[in-house]
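As a plain string of letters, each chain reads:
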Amino acid sequence: MDRVQEIKKQDEKNVEKTRQLYKATPSVDIYENEDEILLHADMPGVVKENISVDIDNGTLSISGVRKLETKGAATYEEFSDIEYVRSFSVPQTIDVERVEAELKNGVLKLHLPKSEAAKPRQIEIKTA
């Protein structure tokens, strides 16, 4: 082996390896009542600053990244950085301006209020 090949091999050993960011689909529960659609997405370990919620052309997209701080060299890992990603079709009757999101105990709760036109209403019957 010549000197150049030895240096290349040594450089490959010394390269700092970065952690791979795995993608996962968060588990969700979706509820609907007369006023809104409520979506709960399980995103454990994700902080508010690392969550993105977008609604565009009838598609709701949520994503969040969990970054773990590590100290020392890992000898075995099953729990690592992860990106949660999921998209849904939402009806055009959602009032996008009033959508609210909250994060508590690793669960993202999205309140998707229905527009007034989409809410059921009772029709009064008149007698002639």
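For the structure, check the block above.
Below you will find a few notes about this structure.

Calculation rules
- Residues numbered from 1 in each chain as written.
- Predicted model: local features only at pLDDT ≥ 70, side-chain atom pairs only at ≥ 80, totals over all residues.
- Heavy atoms only, no water.
- Core = buried A, V, L, I, M, F, W, Y, C linked by side-chain atoms within 4.5 Å.
- Buried < 20%, exposed > 50% of the residue type's maximum accessible area, 1.4 Å probe, protein only.
- Contact = heavy atoms within 4.5 Å.
- Pairing = 2+ DSSP bridges.
- Helix = DSSP H or I, 4+ residues; strand = E, 2+ residues; numbered from the N terminus.
- Axes fitted to C-alpha atoms, helices over the stretch in contact; angles between N-to-C directions.
- Polar contact = N/O pair within 3.5 Å; in protein donor to acceptor, adjacent residues only side chain to side chain.

Some details on the nonpolar core
Working step 1: In terms of nonpolar packing, the biggest core is built from 17 residues, with L39, A41, L60, I62 and L108 touching the most fellow members.
Working step 2: Every residue in contact with L108, bar those within four places of it in the chain, is listed here: L39, H40, A41, M43, I51, V53, I62, A101, E102 and L103.

Topic: the sheet that holds strand β7 (residues 100–104)
Working step 1: Overall, antiparallel pairing links the 4 strands, which are arranged β2-β3-β8-β7 in an open sheet. Looking at the sheet topology across the chains shown, the edges are occupied by β2 (28–32) and β7. When the angles between neighbouring strand axes are averaged without regard to direction, this sheet yields 15°.
Working step 2: Here strand β3 (residues 36–42) pairs with strand β8 (residues 107–113) via 7 bridges, running antiparallel. Its bridge partner lying in β8, A41 is registered against L108.

Side note on the environment of E32
Working step 1: By the secondary structure assignment, E32 is in strand β2.
Working step 2: Residue classification places E32 among the exposed residues on the basis of a relative accessible area of 58%.
Working step 3: Residues in contact with E32, not counting those within four places in the same chain, are I37 and K114.
Working step 4: Within the structure, E32 has its side chain in polar contact with the side chain of K114 (distance 2.7 Å).

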